[in-house]
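# Coordinates in review
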Amino acid sequence: MAGNFLENNTVTLVGKVFTPLEFSHELYGEKFFNFILEVPRLSETKDYLPITISNRLFEGMDLEVGMRVRIEGQLRSYNRKSPEEGKNKLILTVFARDISFVPEEEVVKNPNEIFLDGFICKKPVYRTTPLGREITDLLIAVNRPYNKSDYIPVIAWGRNARFSEKLEVGDRIRLWGRVQSREYQKKLGDEVVTKIAYEVSITRMEIVEKELQKTE
């Protein structure tokens, strides 16, 4: 078991509410809503990340577009059938466990942080970009209670790409990085549509030795 379920998947984001809250679903009388959070990068670009939040967390808060907030939670995944393609698609969302307002004048050094402790569940794919940058694509399974897991796409760059290329299915790793959004084009019939992918970009990673796994 990869540690405590509340500690093996932690996300902290600081950004601005970009879209109005939209009702998602109700579970045991608790209502859940979705919205997009605009999170700045260290460069001039921004990530637009999906948030799922319970009405019990923001009760009494005036959660409007443009409000600057801090979200603490976990990166979750689930499968949903795509009406365009007729097959299951992996959907990612940040499931909020806490939310608070952040004053505009408050300086936040790192507005996008994630830690994951999970297992390689698909053979890593190493490649290079047209500009020669090295990338390895990974899929990480992170345990959740009740025998559930979140399956999270991860990318490693440079020396981390070369290191992770050699990992095998079943290897346990810990990684630190950020959640990012990325636009891409996909052809559906005669039409080319723009879609958004979400993934974790690694800044630091380590493999958990099997001897250590047995003691945890």
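A brief structural summary. (Residues numbered from 1 in each chain as written. Predicted model: local features only at pLDDT ≥ 70, side-chain atom pairs only at ≥ 80, totals over all residues. Heavy atoms only, no water.)

## Here's the deal with the overall build of the protein
A count of helical and extended segments in the protein gives two helices and 12 strands. The helix and strand sequence of the protein, counted from the amino end, reads β-β-β-β-β-β-β-β-β-β-α-β-β-α. Compactness check: the protein gives a C-alpha radius of gyration of 18 Å against a globular reference of 17 Å for 216 residues, within 12% of the reference. Over its C-alpha atoms, taken along the principal directions, the protein stretches across nearly 50 × 50 × 40 Å. Put simply, the protein has 216 residues, and 40% of those count as buried. Of the roughly 12900 Å² that the protein leaves accessible, carbon and sulfur atoms contribute 51%. One finds the centroid of the 33 positive side-chain charges in the protein at a distance of 5 Å from the centroid of its 33 negative side-chain charges. (Helix = DSSP H or I, 4+ residues; strand = E, 2+ residues; numbered from the N terminus. Rg over C-alpha atoms; globule rule 2.2 N^0.38 Å. Buried < 20%, exposed > 50% of the residue type's maximum accessible area, 1.4 Å probe, protein only. Areas by Shrake-Rupley, 256 points an atom, 1.4 Å probe, with all protein chains shown as cover. Lys, Arg positive; Asp, Glu negative; His and termini not counted. Charge placed at Lys NZ, Arg CZ, Asp CG, Glu CD.)

## A few points about the pairing of strand β12 (residues 191-207)
In the sheet, strand β10 (residues 148-157) pairs with β12 via two bridges, with the strands oriented parallel. Pairing of I155 across the sheet is with S201, part of β12. In this sheet, β12 lies alongside strand β11 (residues 172-188) in antiparallel orientation, the contact comprising 16 bridges. When the sheet's bridge partners are listed, E183 is paired in β12 with I196. Hairpin geometry of β11 and β12 is characterised by an intervening segment of two residues between the two adjacent antiparallel strands and by a positive phi of about 70° at G189. (Pairing = 2+ DSSP bridges.)

## Details of unusual backbone geometry
With a phi close to 50°, Y28 is a non-glycine residue in the positive phi region. Notably, N147 is not glycine yet its phi reads approximately 60°, a positive angle. Inspection of the secondary structure assignment puts N147 in the loop between β9 (134-144) and β10.

## Side note on the pairing of strand β4 (residues 46-54)
Extensive coverage of β4 is indicated by the burial of seven of its nine residues. In this structure, strand β3 (residues 30-40) lies alongside β4, joined through nine bridges in antiparallel fashion. Looking at the pairing, F35 lines up with I51 of β4. A loop of five residues connects β3 with β4, the two strands running antiparallel in sequence. Where β4 meets strand β6 (residues 88-101), two bridges bridge the pair, whose relative direction is parallel. Note that in β6 the partner of I51 across the bridge is V94.

## Describing the pattern of salt bridges
With the rule as written, the count across this model stands at 12 salt bridges. We note a salt bridge from E30 to R56, for which the minimum N-O separation is 3.7 Å. You can see E30 sitting in strand β3 and its partner R56 sitting in the loop between β4 and β5 (68-81), a full 26 residues away along the chain. By relative accessible area, R56 is classed as exposed at 52%. In this structure, D47 engages R41 in a salt bridge whose closest nitrogen and oxygen atoms are separated by 2.8 Å. Take R41: its relative accessible area is 25%, and that puts it in the partly exposed class. The network of salt bridges with common partners includes D117, R172, R174 and E206. (Salt bridge = Lys/Arg side-chain N within 4 Å of Asp/Glu carboxyl O.)

## A word on the packing of aromatic side chains
Under the criterion given, the structure shown has five aromatic pairs. Summarising the aromatic geometry, the rings of F23 and F33 are spaced 5.7 Å apart at their centres and angled 80° between planes, so their arrangement reads as edge-to-face. You can see F23 sitting in strand β2 (residues 22-27) and its partner F33 sitting in strand β3, a full 10 residues away along the chain. By relative accessible area, which is 17% here, F33 ends up buried. Three or more aromatic residues joined by ring pairs make a cluster, and in this case those are F23, F33 and F58. Positioned over the ring face of F95 is R76, at 4.5 Å from the centre of the ring. (Phe/Tyr/Trp six-rings, centres within 6.5 Å; stacked < 30°, edge-to-face > 60°. Lys NZ or Arg CZ within 6 Å of the ring centre and 35° of its normal.)

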